[in-house]
Amino acid sequence: MSTTFEKLMNGADGGLAVLQVLAENSFDSVLITDASTEGKIIYANKSFKKLTGHEPSEIIGKTPRILQGPGTDAKVIERLSVALKTGGKFEGKAINYKKDGTPFIMFWRVLPIKVGKKIIAWVAIQREGSAI
Ligand SMILES: Cc1cc2nc3c(=O)[nH]c(=O)nc-3n(C[C@H](O)[C@H](O)[C@H](O)COP(=O)(O)O)c2cc1C
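The following paragraphs examine the structure supplied in this document.

### Overview of the site of the ligand
Here is step 1 of the chain: Close to the ligand lie 16 residues; Arg-65, Gln-68, Asn-96, Trp-108 and Gln-126 are nearest.
Here is step 2 of the chain: One of the side-chain nitrogen or oxygen atoms of Arg-65 is found 2.9 Å away from an oxygen atom of the ligand.
Here is step 3 of the chain: Measuring from an oxygen atom of the ligand, one finds a side-chain N or O atom of Gln-126 at 2.7 Å.
Here is step 4 of the chain: In isolation the ligand offers 630 Å² of accessible surface; the protein chains occlude 86% of this area.
Here is step 5 of the chain: Elements represented by at least two residues in the shell around the ligand include exactly α5 (74-86), β4 (103-115) and β5 (118-128).
Here is step 6 of the chain: Of the residues belonging to the shell around the ligand, the class tally is 10 nonpolar, 5 polar and 1 charged.

### What about the nonpolar core?
Here is step 1 of the chain: Ranked by internal contacts, the top residues of the largest apolar core, which has 19 residues, are Leu-31, Phe-48, Ile-59, Phe-90, Met-106, Trp-108 and Val-110.
Here is step 2 of the chain: Breaking this core down by element, the ones donating at least two residues are β2 (41-44), α3 (46-52), α5, β3 (90-97), β4 and β5.
Here is step 3 of the chain: Residues contacting Ile-59, with those up to four places away along its chain left out, are Leu-31, Ile-41, Ala-44, Phe-48, His-54 and Ile-66.

### Notes on the side chain of Thr-52
Here is step 1 of the chain: Relative to the elements of secondary structure, Thr-52 occurs in helix α3.
Here is step 2 of the chain: Judged by its relative accessible area of 1%, Thr-52 is buried.
Here is step 3 of the chain: Of the polar contacts made by the side chain of Thr-52, one reaches the backbone oxygen of Phe-48; its length is 2.8 Å.
Here is step 4 of the chain: For Thr-52, the side chain forms a polar contact with the main-chain nitrogen of His-54, separated by 3.1 Å.
Here is step 5 of the chain: Filtering out sequence-adjacent residues up to four positions away, Thr-52 remains in contact with Leu-67, Lys-98 and Lys-99.

### Considering α5
Here is step 1 of the chain: Helix length check: α5 (13 residues) gives 18 Å between terminal C-alpha atoms against 18 Å at 1.5 Å per residue, within 8%.
Here is step 2 of the chain: By the burial criterion, the buried members of α5 are Val-76, Ile-77, Leu-80 and Ala-83. All buried residues of α5 fall inside an arc of 115 degrees around its axis, so they share one side. Exposed and oriented more than 90 degrees from the buried face of α5 are Ala-74, Lys-75, Lys-85 and Thr-86.
Here is step 3 of the chain: Where α5 is buried, its residues meet β3, β4 and β5.

### Considering the pattern of salt bridges
Oppositely charged side chains can pair when the atoms bearing their charge come close.
Here is step 1 of the chain: Inspection of the entire model under this criterion finds 6 salt bridges.
Here is step 2 of the chain: For Lys-99, the salt bridge identified is with Glu-58, shortest N-O distance 3.1 Å. Residue Lys-99 is found in the loop between β3 and β4, and its partner Glu-58 is found in helix α4 (residues 56-59); the two are separated by 41 residues along the sequence.
Here is step 3 of the chain: Close ionic contact of Lys-98 with Glu-128 constitutes a salt bridge, the shortest N to O distance being 3.0 Å. In this pair, Lys-98 sits in the loop between β3 and β4 while Glu-128 sits in strand β5, placing the two residues 30 residues apart along the sequence.
Here is step 4 of the chain: On the accessibility criterion, Glu-128 (42% relative accessible area) is partly exposed.

### A closer look at the sheet that holds β2
Here is step 1 of the chain: Read from one edge to the other, the open sheet built from 5 strands follows the order β2-β1-β5-β4-β3, with strand pairing classed as antiparallel. Each edge of the open sheet carries a strand with a single partner, namely β2 and β3. Pairwise comparison of adjacent strand axes, ignoring direction, gives a mean angle of 30 degrees for this sheet.
Here is step 2 of the chain: In terms of strand pairing, β3 meets β4 through 8 bridges, oriented antiparallel. Across the sheet, Ile-95 pairs through a bridge with Ile-105, a residue of β4.

Parameters at a glance
Residues numbered from 1 in each chain as written. Predicted model: local features only at pLDDT ≥ 70, side-chain atom pairs only at ≥ 80, totals over all residues. Heavy atoms only, no water. Near = heavy atom within 4 Å. Polar contact = N/O pair within 3.5 Å; in protein donor to acceptor, adjacent residues only side chain to side chain. Areas by Shrake-Rupley, 256 points an atom, 1.4 Å probe, with all protein chains shown as cover. Helix = DSSP H or I, 4+ residues; strand = E, 2+ residues; numbered from the N terminus. Nonpolar A, V, L, I, M, F, W, Y, C, P; charged D, E, K, R; others polar. Core = buried A, V, L, I, M, F, W, Y, C linked by side-chain atoms within 4.5 Å. Buried < 20%, exposed > 50% of the residue type's maximum accessible area, 1.4 Å probe, protein only. Contact = heavy atoms within 4.5 Å. Expected span 1.5 Å × (residues − 1). Arc of directions from axis to C-beta. Salt bridge = Lys/Arg side-chain N within 4 Å of Asp/Glu carboxyl O. Pairing = 2+ DSSP bridges. Axes fitted to C-alpha atoms, helices over the stretch in contact; angles between N-to-C directions.

Put into structure tokens, the structure is as follows:
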């Protein structure tokens, strides 16, 4: 029997199963933080490990600031801070650092995850840009 995407997403656990397959297998890094201003990481996929060298289990409870360093553009981070405070979206690029200290260009988007009007978490979709 055929189904529609809406039926699949709204069916018992269907939406959850779809999202899990997408997040776990995405070529892009996916990072989810809690909704607090501190923004602790609650999920990172395998591509995050490939991109940054950090094992997801090691960085749960930390904040994505661990990726920042001396070369990170403060103006970009300020723009993200404003988006977080106002519930807006962010897209930008900045120098970030891998676990071994190697700098790279991070392209990333941050979006609020809302239930009704309430923001329950934030998600980032991230990938590496060309060499510095
Ligand atoms: C979901 C999410 C993903 C983030 N990912 C990154 C990232 O990949 N690189 C980065 O430099 N900052 C990232 N940040 C930004 C920092 O966690 C932090 O919010 C930012 O530095 C602003 O706070 P601060 O001004 O107190 O440092 C991310 C934030 C959120 C909410």
